[in-house]
Amino acid sequence: MLQAFIKYRINFKLGEMRIDKNMKNNQFFICLLLLPALIFLTCCAAYNDDVPEKPNIVFIMSDDHAYQAISAYSDHLIKTPNIDRLANEGILFKNAFVTNSICAPSRAVLLTGKHSYANGVFDNALPFDGAQDTFIKRLGEAGYETAVIGKWHLKSRPAGFSHYQILRDQGEYYNPFFITEEDTVQMKGYVTDLTTDIALSWLRMRVGEKPFCLLLHHKAPHRNWMPNLQHLALFNDRDLPVPDNYFDDYISRSAAAREQEMEIAADMTDAWDLKIRPDDPDPENWDERGYAWHYGKLMTGEQKKVWDAHYDPLNESYLKAEMTDKERALWKYQRYIKDYLRCIVSVDDNVGRVLDELDVLGLSENTLVVYTSDQGFYLGEHGWFDKRFMYEESLRTPLLMRFPGRIEPGMVNENLVQNLDFAATFIDITGVDEGYGHGSSLMPLFNDSKVKDWREYVYYHYYEYPGAHSVKRHYGLRTDRYKLIHFYNDIDAWEFYDLEEDPGEMKNSIGSPRYRVIIDSLQQLLENDKFYQEDTFQF
Ligand code: SGN
Ligand code: CA
């Protein structure tokens, strides 16, 4: 409406200029008398303008936020009232998945709407080729103002955005550096608050101009899960529930599950993950990680004091206690999950700030708000942290959307959707085009709990091996009930799960005659889609 009004105002001014040049005096005075009526009619025309305004997009993506830690999905760990607002006022996707469960690949899929084999970002080390087509460029061409603020991690500068202010590399929790087109500036404060501050300033600055698409990308709750100082004491009064399969022995699965390096008990480091200072009081003697990373590299002296005042006494009693291996593994889980959830409290508060600001600016009605993560995460299931595997916790990602007037409040959808669908959805809702990339627009799902004519399986492919956490390369398919996975490279192993009977994926049923027919048909589907196969990417 505002844009239409501005447009009319400009046309009217041009009209005035023509009157001045070409008309005689008496005609000019007649015009002057008619001026109020003309203004009135012009305003009415503007207000009756039935050309709908282009919708805005606010896309909030956190890093490694497990759906298990969003109360709209399950409230056994934490309450997230602000993220839940999106579900209450919009739609929650129960079955949202990624195509390749790590950071940079997921971000490349978001921008291009294409699988890794087509966008070129197979792993976290490869740079994104910014010359390729993205939905952001399409929106820009259609008159949108576009911005990315926060974590970027694509190893090349953002291309095609009107504005960017991105974290350096993976970003720091405390006093992080932000990079813009002009410079790199360190900002004092906590990363989740700062990222939101910057995004809100950008929103305030640009209101009333072009339609916009804002990508607000949080660093949190990425490893090493450093909470804001004011949240350090949260959850201290209780133990949090431990997943049933925390002490998984991986017995029926392939070597891939046994040979990973992402076990809370075995692979977390004291200084970095568990916030335990090395014994030696002289930091000069600490190993590189202990010294450089214990507080994050950029904490101030004041911040370190508050940090130590919280962790030191807790660590002291842990270090003094005589514990069995099992007790130690459980202690580590509690330390991990509490820090992780404390980071989520900040993320949730800051989602609330964005929603409030959209209200204040009068933008809520015409803005699609999305909350998601670059992938899911293990919160102790199978004894793990991190992601990468095609098992449920990291194949899935949370996805909630609010779009007043176009999504009924309280919708829950069960179709199989993917991060591959974002680009097509944004292209569709803005009316820029129809169809984009390998995904499908989610618009037909907005007011339906399960659309019939929809994809019957999702395809997944993980490539970063050898690499961090030693998760072997694998690909596979997941239907609404079954999952088939093939691990390859230095292994050749198949796994199959019936998710209805075995939701925790504890029993690999690849050899079960009961599933022979369904396994054959899924293998056939993989066979038919040759380009998904193993040789698509070589290190
Ligand atoms: C870092 C972390 C890993 C994590 C990757 C990828 N190690 O390397 O634990 O898997 O990032 O994460 S750390 O010691 O540096 O914390 S991703 O989300 O960017 O893909
Ligand atoms: Ca991530």
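This report concerns the structure included in the present document. (Residues numbered from 1 in each chain as written. Chains lettered and ligands numbered in written order. Predicted model: local features only at pLDDT ≥ 70, side-chain atom pairs only at ≥ 80, totals over all residues. Heavy atoms only, no water.)

### Quick word on the overall build of the protein chain
Then comes step 1: Each helix and strand in the protein chain was counted, giving 15 helices and 16 strands.
Then comes step 2: Within the protein chain, the proportion of its 539 residues that are buried is 56%.
Then comes step 3: Looking at the protein chain alone, contacts between residues at least 24 apart form 69% of all its contacts between residues at least 6 apart.
Then comes step 4: When the accessible surface of the protein chain is totalled, it reaches about 23100 Å², and 53% of it is carbon and sulfur. (Helix = DSSP H or I, 4+ residues; strand = E, 2+ residues; numbered from the N terminus. Buried < 20%, exposed > 50% of the residue type's maximum accessible area, 1.4 Å probe, protein only. Contact = heavy atoms within 4.5 Å. Areas by Shrake-Rupley, 256 points an atom, 1.4 Å probe, with all protein chains shown as cover.)

### A closer look at the packing of helix H3 (residues 81-89) against helix H12 (residues 325-360)
Then comes step 1: Between H3 and H12, the shortest axis-to-axis distance is 7 Å and the interhelical angle comes to 55 degrees. Overall, the two elements H3 and H12 adopt an arrangement that is oblique. Across from Pro81, Asn82, Ile83, Arg85 and Leu86 in H3, the residues of H12 making contact are Asp348, Asp349, Val351, Gly352, Leu355, Asp356 and Asp359. (Axes fitted to C-alpha atoms, helices over the stretch in contact; angles between N-to-C directions. Parallel < 35°, antiparallel > 145°, perpendicular 65-115°, else oblique.)

### Notes on the sheet that holds strand S13 (residues 458-462)
Then comes step 1: The sheet built from four strands is open, its strands ordered S13-S14-S15-S16 with antiparallel pairing. Each having just a single partner strand, S13 and strand S16 (493-498) make up the two edges of the open sheet. Within this sheet the neighbouring strands show an average axis-to-axis angle of 15 degrees, counted without direction.
Then comes step 2: Where strand S15 (residues 482-487) meets S16, six bridges bridge the pair, whose relative direction is antiparallel. Bridged to lysine 483 within S16 is tyrosine 497.
Then comes step 3: The sheet strands contacting helix H15 (residues 516-528) are S13, strand S14 (474-478), S15 and S16, and the helix crosses S15 at an angle near 55 degrees. (Pairing = 2+ DSSP bridges.)

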